[in-house]
Amino acid sequence: DAEITQSPRHKITETGRQVTLACHQTWNHNNMFWYRQDLGHGLRLIHYSYGVQDTNKGEVSDGYSVSRSNTEDLPLTLESAASSQTSVYFCARATDEAFFGQGTRLTVV
Amino acid sequence: AQSVTQLGSHVSVSEGALVLLRCNYSSSVPPYLFWYVQYPNQGLQLLLKYTSAATLVKGINGFEAEFKKSETSFHLTKPSAHMSDAAEYFCAVRRGGTSYGKLTFGQGTILTVHP
C-alpha cells in the first residue's frame, strides 16, 4: 500500500548493532503495528500503538522497542541485533482492516 | 486466545480448476476473519473479510469465503484458477470490537497454478 512507506527495503547489519526500521503513513491514522514474517510462522505481532505516546507489546516483543512521537511515524528499534531477528518486517495501519507496507528485509550477520 | 490453522502449506491446481484453501480458527469470542494475498517481494493485500454480517463473503479477483461457525472454518475458494493467482495466501483472525490490527495469522499456503 503506497500510503505506508517502510525504509530501508533491505538492510544487512552485524550482531550486536542497534538498528532502526522506519515506518511512515500518510493517512493520519492512530493505529499502527509492526509484524515480522518468518517461514512457517506467518506474521507475528511485535509492537503496536493506538496513538501518540501509546505503545504496547505484541506476541514477540523481546529485543524490540517502538516510540510514537507523532501520528505519522512508528519506528521499530532492535536494541542489539541478533541472528534470530533476521526476518521480513511489515508495518501496518488498521481500523476495521489492516493495510500493510511493502516490508523491510533485515539480515543480521 | 486465538489461533489459525491453514491446512496445507502448498496447494497446486491447474489453470481453470477450482481453488480451495482451507482455514480453521479458534477464538473464545466472535471473530473477525480475513484472507490476505502476498505476491513475491510485496506486502499483504486484503482479499476479503468477515465481520459478523453475511456468512458468505465475496472479495476481490473472484475469491470468496464462507464463515461456518459450527466447523470453525473460513475456507477460501475461487471457481476457476488463473495463472495470476499464484501467490501465498494467509488467513487471519482478530477479536471484534476495538482490537484493531491485532491479527493472529496462519502459517500461509503457497498456491501454484499450472498451465
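Preceding this paragraph is the structure being described.
Conventions adopted
The residue numbering used here restarts from 1 in each chain and proceeds along that chain's sequence as written. As a convention, the first chain written is A and the first ligand written is 1, with the rest following in written order. Since the coordinates come from a predicted model, pLDDT governs what is reported: local features require at least 70, and pairs of side-chain atoms require 80 or more to be given and counted, while whole-chain, interface and lining totals use all residues. Excluding hydrogens and water, the side-chain figures rest on all heavy atoms present in the structure. Counting from the N terminus, the helices are the DSSP runs of H or I reaching at least four residues and the strands are the DSSP runs of E reaching at least two. Each radius of gyration is computed over the set of C-alpha atoms, and the globule rule expresses the reference value as 2.2 Å times the number of residues to the power 0.38. The classification of residues rests on relative accessible area computed with a 1.4 Å probe and restricted to protein chains. Under 20% of the type maximum is buried, over 50% is exposed, and intermediate values are partly exposed. Residue contacts follow a heavy-atom distance rule, with two residues in contact if any of their heavy atoms lie within 4.5 Å. Using the Shrake-Rupley algorithm and a 1.4 Å probe, accessible areas are obtained, with residue cover drawn only from the displayed protein chains. Lining residues are those with an atom within 4 Å of a point, where the points come from a 1 Å grid over the protein atoms alone and group into cavities, where a 1.4 Å probe fits but cannot get out, or pockets, open sets with protein on both sides within 12 Å along at least five of seven lines. Grid points are joined across faces, edges and corners, and a volume is the space filled by probe spheres set on the points. Gly counts as polar in this scheme, as do all residues outside two lists: the nonpolar Ala, Val, Leu, Ile, Met, Phe, Trp, Tyr, Cys and Pro, and the charged Asp, Glu, Lys and Arg. Here, any two strands with at least 2 DSSP bridges between them count as paired. Fitted lines through C-alpha atoms serve as axes, helices being fitted only where they are in contact, and the angles separating the N-to-C directions of these axes extend from 0 to 180 degrees. For any pair of parts, buried area is found by adding up, for both, the accessible area (1.4 Å probe) each one loses once the two are put together. We define a salt bridge as a contact between a side-chain nitrogen of Lys or Arg and a carboxyl oxygen of Asp or Glu at a distance within 4 Å. Pairing of N or O atoms within 3.5 Å defines a polar contact, subject to two protein rules: one partner must be a possible hydrogen donor and the other a possible acceptor, and residues neighboring in sequence count only if both atoms are side-chain atoms.

Here's the deal with the overall build of chain A
Helix and strand content of chain A: 0 helices and 11 strands. Shown N-terminal to C-terminal, the secondary structure of chain A runs as helices and strands in the order β-β-β-β-β-β-β-β-β-β-β. On C-alpha atoms alone, chain A measures out to a radius of gyration of 13 Å, which is about the 13 Å that the 2.2 N^0.38 rule sets for 109 residues. Dimensions of chain A, computed from the C-alpha atoms along their principal axes, are close to 35 × 25 × 25 Å. For chain A, the proportion of its 109 residues judged to be buried stands at 50%. Of the contacts made within chain A by residues no fewer than 6 positions apart, 52% connect residues no fewer than 24 positions apart. When the accessible surface of chain A is totalled, it reaches about 5,000 Å², and 48% of it is carbon and sulfur.

A word on the layout of surface pockets
One way to see where empty space is left: roll a probe the size of a water molecule over the atoms. The space that makes up the largest pocket amounts to roughly 460 Å³. At the level of elements, strand E4 (32–38), strand E9 (87–94) and strand E11 (104–108) of chain A together with strand E9 (87–95) of chain B are the ones that each hand at least two residues to the lining of the largest pocket. Class assignment for the residues of the lining of the largest pocket results in 8 nonpolar, 12 polar and 4 charged. Reported here for the second largest pocket is a volume of approximately 210 Å³. The residue makeup of the lining of the second largest pocket, split by class, is 3 nonpolar, 4 polar and 3 charged.

So, the environment of A:Asn30
All names here are of chain A. Tracing the backbone shows Asn-30 in the loop between strand E3 (19–25) and E4. A sequence separation of 65 residues divides Asn-30 from Thr-95, and the C-alpha atoms of the two residues are 8.8 Å apart. When sequence neighbours within four positions are dropped, the list of residues in contact with Asn-30 reads Ser-49, Tyr-50, Gly-51, Arg-68 and Thr-71.

Re the pairing of E3(A)
Residues and elements named next belong to chain A. Only one face of E3 is covered, namely the one carrying Val-19, Leu-21, Cys-23 and Gln-25; the face carrying Thr-20, Ala-22 and His-24 has none of its residues buried. Inspection of the sheet shows strand E1 (residues 4–7) paired to E3 by 4 bridges, in the antiparallel sense. Its bridge partner being in E3, Thr-5 is matched across the sheet by His-24. Bridge count for E3 against strand E8 (residues 76–78) is 3 bridges, and the pairing is antiparallel. Its bridge partner lying in E8, Leu-21 is registered against Leu-76.

Things to note about unusual backbone geometry
A negative phi angle characterises most non-glycine residues, just as the trans form characterises most peptide bonds. With omega at -5°, the peptide bond leading from A:Ser7 into A:Pro8 counts as cis. The backbone of B:Asn61 sits at a positive phi, close to 60°, despite the residue not being glycine. For B:Asn61, the position within the fold is in the loop between strand E6 (56–58) and strand E7 (64–68).

Description of the sheet that holds E8(A)
Residue and element names in this part refer to chain A. Spatially, E1-E3-E8-E7 is the arrangement adopted by the 4 strands of the open sheet, whose pairing is antiparallel. The open sheet is flanked by E1 and strand E7 (64–66), the only strands paired with a single partner. Direction aside, neighbouring strands of the sheet carry axes that sit 20° apart on average.

Some remarks on the pairing of strand E1 (residues 3–7) of chain B
Residues and elements named next belong to chain B. Burial along E1 is one-sided: Val-4 and Gln-6 are buried, while Ser-3, Thr-5 and Leu-7, pointing the other way, are not. Where E1 meets strand E3 (residues 19–26), 5 bridges bridge the pair, whose relative direction is antiparallel. Bridge pairing links Thr-5 to Asn-24 in E3.

Looking at the interface of chain A and chain B
Every contact between the two is made by 22 residues of chain A and, on the other side, 23 residues of chain B. For the pair chain A and chain B, the summed buried surface comes to about 1,700 Å²; carbon and sulfur atoms form 50% of the total. Per-residue buried area on chain A facing chain B is highest for A:Leu43, A:Asp96 and A:Phe100; these three make up 28% of the total on that side. Here chain A is connected to chain B by 3 salt bridges. Between B:Arg94 and A:Asp96 there is a salt bridge whose closest N-O contact spans 3.1 Å. Inspection of the chain A/chain B interface yields 9 residue pairs in polar contact (both at pLDDT 80 or more). At the level of secondary structure, the elements contributing two or more residues to the side of chain A that touches chain B comprise E4, strand E5 (42–51), E9 and strand E10 (98–100) of chain A. Sort the elements by how many residues they give to the side of chain A that touches chain B and E5(A) lands first, with 5 residues. For the side of chain A that touches chain B, a count of residues per class yields 10 nonpolar, 8 polar and 4 charged.

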